[in-house]
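What the coordinates show
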Amino acid sequence: MKIHHALLFVHLAGVILWVGGMAFAHFCLRPAALALPPAQRLSLWCGVLGRFFRVVWLAIGLIVGSGFAMLGATGFAQAPVAWHAMAGIGLVMVVVFASIWFGPWQALQQAVAAESWAQGASALNRIRQRVGINLLLGTFTVAVATLGLAV
């Protein structure tokens, strides 16, 4: 097996974990959780996001590490433009995720611990908005990766 194939597998596995997890949370879990009272809904989200965000950090490591390894092996100057676009958009996604982790995620945890449901709902809404941005960016990146190479 070529190292490129192994790196591509690791890269795609990370993307599936991150983008797929965001899609599941947004389109499946969120609508179902809205039926719960605030205390249960926010506690659920705190537990789910605590687990998911640890997976996202792992996925980021896999994606960034394998992506730059493939770019380096090919040579940055020789790599397709779509690869550079993927790298740029991916780094923006990492910054957006870091803004979630260090901002509203911390606020959500504190609000749930203090049983401050209004503050928790506000923090969760900010997380939802940023996850929505990253879901759009991730979907666009997959399009660039698959359709952009054919251009």
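Here the structure is a predicted model, which is why all the values come from computation and not from measurement.

Parameters at a glance
- Residues numbered from 1 in each chain as written.
- Predicted model: local features only at pLDDT ≥ 70, side-chain atom pairs only at ≥ 80, totals over all residues.
- Heavy atoms only, no water.
- Helix = DSSP H or I, 4+ residues; strand = E, 2+ residues; numbered from the N terminus.
- Buried < 20%, exposed > 50% of the residue type's maximum accessible area, 1.4 Å probe, protein only.
- Core = buried A, V, L, I, M, F, W, Y, C linked by side-chain atoms within 4.5 Å.
- Contact = heavy atoms within 4.5 Å.
- 1 Å grid on protein atoms, 1.4 Å probe; cavity = no way out; pocket = protein on both sides within 12 Å on 5 of 7 lines; lining within 4 Å.
- Points joined across faces, edges and corners; volume = space filled by probe spheres on them.
- Nonpolar A, V, L, I, M, F, W, Y, C, P; charged D, E, K, R; others polar.
- Polar contact = N/O pair within 3.5 Å; in protein donor to acceptor, adjacent residues only side chain to side chain.
- Patch = residues over 30% accessible without salt bridge, like charges linked within 9 Å, V, L, I, M, F, W, Y side chains within 5 Å.
- Areas by Shrake-Rupley, 256 points an atom, 1.4 Å probe, with all protein chains shown as cover.
- Salt bridge = Lys/Arg side-chain N within 4 Å of Asp/Glu carboxyl O.
- Arc of directions from axis to C-beta.
- pLDDT = per-residue confidence, 0-100.
- Expected span 1.5 Å × (residues − 1).
- Bend = angle between axes of the 7 residues up to and from the residue.

Our next topic: the overall build of the protein. The secondary structure content of the protein amounts to five helices and zero strands. Across the protein, helices and strands are ordered from the amino to the carboxyl terminus as α-α-α-α-α. Each principal axis of the C-alpha distribution contributes one length, and for the protein these read about 55 × 25 × 25 Å. Buried positions account for 36% of the 151 residues belonging to the protein.

Here the focus is the nonpolar core. Counting 28 residues, the largest nonpolar core has Trp18, Met22, Leu49, Phe53, Trp105, Leu108 and Ile127 as the members making the most contacts within it. The set of elements that each furnish at least two residues to this core consists of helix 1 (3–33), helix 2 (38–74), helix 3 (81–102), helix 4 (104–113) and helix 5 (117–147). At ten residues, helix 2 tops the list of elements feeding residues into this core. Contact partners of Leu108, with chain neighbours within four places excluded, come to Leu42, Cys46, Leu49, Gly120, Ala123, Leu124 and Ile127. Among the nonpolar cores identified, the runner-up in size contains six residues, and Leu71, Ala79, Ala82 and Val144 belong to it.

Vacant regions in the atomic arrangement are exposed by a probe of water-molecule size rolled over the atoms. Empty space within the largest pocket amounts to approximately 600 Å³. The set of elements that each furnish at least two residues to the lining of the largest pocket consists of helix 1, helix 2, helix 3 and helix 5. Its residues assigned to classes, the lining of the largest pocket comprises 20 nonpolar, seven polar and no charged. One number sums up the size of the second largest pocket: a volume of about 300 Å³.

What follows covers the side chain of His11. Position of His11 relative to the elements: it lies in helix 1. Relative accessible area serves as the criterion here: at 14%, His11 is assigned to the buried category. Within the structure, the side chain of His11 is placed 3.4 Å from the backbone nitrogen of Gly67, a separation counted as a polar contact. Discounting chain neighbours no more than four positions away, the residues touching His11 are Ile63, Ser66, Gly67 and Met70.

Take a nonpolar patch on the surface next. Nonpolar side chains collect at one region of the surface, where Val64, Phe68, Phe76 and Leu91 lie side by side and expose about 320 Å² of accessible area between them. By secondary structure assignment, the location of Val64 is in helix 2.

Looking now at helix 4. For helix 4, the full list of buried residues reads Pro104, Trp105, Leu108, Ala111 and Val112. Each buried residue of helix 4 sits inside an arc of 125° when the element is viewed along its axis, so together they form one side. Residues of helix 4 that are exposed and point more than 90 degrees away from the buried face comprise Gln110 and Ala113. Looking at the packing, one finds that the buried side of helix 4 touches helix 2, helix 3 and helix 5. Trailing helix 4 by a residue or two, Glu115 shows a phi angle of about 55°, which is positive.

Another point: the confidence of the model for the protein. Model confidence for the protein is summarised by a mean pLDDT of 95, while 97% of its residues fall at 70 or above. Looking at the elements of the protein, mean pLDDT is at its lowest for helix 3, recorded as 95, and at its highest for helix 4, recorded as 98.

Moving on, we get to helix 1. For helix 1, with 31 residues, the first-to-last C-alpha span of 42 Å sits near the 45 Å given by 1.5 Å per residue. The principal kink in helix 1, of about 35°, is found at Ala25. Of the residues making up helix 1, those classed as buried are Leu7, His11, Gly14, Trp18, Val19, Gly21, Met22, Ala25, Leu29 and Ala33. Lining the buried residues of helix 1 we find helix 2, helix 3 and helix 5.

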